[in-house]
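# Descriptive structure summary
Given next are the chains, with one letter for each unit.
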Amino acid sequence: MSTTAMMEDFAPLELTASDVSGQRRVQVRNVAGKATVAELVRSLVARLGLIREDAAGRPLTYRARLERQGRTLNGSELIGEALKPQDKISLYPHIQAGGGATGLAAEDERSQIADF
């Protein structure tokens, strides 16, 4: 069976999505099986009312964790392949380490702090 034919066979799913704390939760119905996880995450950020920028004004990106398997879903995965009906996913912000001062600038900053 071709990939195109398989994508058309995906039935819409129903699932539960929450923020990482579990305090915000929505039931999601009729999720298209041929949609990607990234598309689902983008729509859920708005539905859950999650912040879109960090304290410094930089845009936040979110990832989805599949509770059933305890793994982070890849944004390019198809919903119909990765998820099953009634699955639970939680969205969490993707934090990229090393966003501050680096290299010699960081060394200078630490030495100045130590001098006080």
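Every chain's residues receive numbers from 1 upward, in the order its sequence appears when written. It should be noted that, the model being predicted, local features are given only for residues of pLDDT at least 70 and side-chain atom pairs only at 80 or more, the latter also being counted only at that level, while totals for whole chains, interfaces and linings use all residues. The side-chain figures draw on all heavy atoms in the structure; neither hydrogens nor water molecules are used.

### What to know about the side chain of Ser-90
Our working definition: Secondary structure elements are taken from DSSP: a helix is a run of H or I of four residues or more, a strand is a run of E of two residues or more, and numbering for both begins at the N terminus. Residues adjacent in sequence count toward polar contacts only when both atoms are side-chain atoms; beyond that, a polar contact is any pair of N or O atoms within 3.5 Å, and within protein one must be able to donate a hydrogen and the other to accept it.
Structurally, Ser-90 can be placed in strand β5 (residues 88-94). Side chain to side chain, Ser-90 and Glu-67 meet in a polar contact 2.8 Å long.

### Here we look at unusual backbone geometry
Our working definition: Only protein chains enter the accessibility calculation, which uses a 1.4 Å probe; a residue whose area is less than 20% of its type maximum is buried, one above 50% is exposed, and one in between is partly exposed.
Positive phi is not limited to glycine here, since Asn-30 has a value of about 55 degrees. Residue placement: Asn-30 occurs in strand β2 (residues 25-31). Relative accessible area serves as the criterion here: at 63%, Asn-30 is assigned to the exposed category. For Gln-86, which is not glycine, the phi dihedral falls at a positive 70 degrees. By secondary structure assignment, the location of Gln-86 is in the loop between α3 (79-82) and β5.

### Structural notes on the sheet that holds β5
What counts, and what does not: Two strands qualify as a pair provided DSSP detects at least 2 bridges between them. Note on contacts: a residue pair qualifies if any of its non-hydrogen atoms lie within 4.5 Å across the two residues. Simply put, an axis is a line fit to the C-alpha atoms, just over the touching stretch for a helix, and the angle between two N-to-C directions goes from 0 to 180 degrees.
With respect to topology, 5 strands assemble into an open sheet ordered β2-β1-β5-β3-β4, the strand pairing being mixed. In this open sheet, the two edge strands, each paired with only one partner strand, are β2 and β4 (71-72). The pairing of strand β1 (residues 13-19) with β5 spans 4 bridges and is classified as parallel. Among the inter-strand pairings, Thr-16 is bridged to a residue of β5, identified as Lys-88. Across the sheet, helix α2 (residues 37-48) is in contact with β1, β2, β3 (61-66) and β5; its angle to β2 comes to roughly 140 degrees.

### Considerations on the pairing of β3
Residue alternation in β3 divides its side chains into a buried set, Tyr-62, Ala-64 and Leu-66, and an unburied set, Thr-61, Arg-63 and Arg-65. Bridging between β3 and β5 involves 6 bridges; their strand directions are antiparallel. Bridging across to β5, Thr-61 finds its partner in His-94. Sheet analysis places β3 next to β4, joined by 2 bridges and oriented antiparallel. Residue Arg-65 lies in a different strand from β4, and its bridge partner there is Thr-72. Taking the residues between adjacent antiparallel strands as the criterion, β3 and β4 are bridged by 4 residues, where Gly-70 takes a positive phi near 65 degrees.

### Comments concerning the nonpolar core
In plain terms, the rule: For the purposes of this section, nonpolar cores are sets of buried Ala, Val, Leu, Ile, Met, Phe, Trp, Tyr and Cys residues that join through side-chain atoms within 4.5 Å.
Among the nonpolar cores identified, the biggest contains 24 residues, and Leu-44, Leu-83, Ile-89 and Leu-91 are the most heavily contacted of them. Going through the elements one at a time, β1, β2, α2, β3, α3 and β5 are the ones with two or more residues in this core. Each residue touching Leu-91, except ones within four places of it in the same chain, is listed here: Ser-18, Asp-19, Val-20, Val-41, Leu-44, Val-45, Leu-48, Leu-50, Tyr-62, Arg-63 and Ala-64.

### Notes on α2
Operational definition: Helices are assigned an expected span. That span is 1.5 Å times one less than the residue count. The arc in question is the one traced by the directions running from the helix axis out to the C-beta atoms.
Between its first and last C-alpha atoms α2 spans 16 Å; for 12 residues at 1.5 Å apiece the expected length is 16 Å, and the two agree. Looking only at α2, the buried set comprises Val-37, Leu-40, Val-41, Leu-44, Val-45 and Leu-48. Angularly, the buried residues of α2 cover 140 degrees about the axis, an arc narrow enough to put them on a single face. Just past α2, the residue Gly-49 takes up positive phi, approximately 70 degrees.

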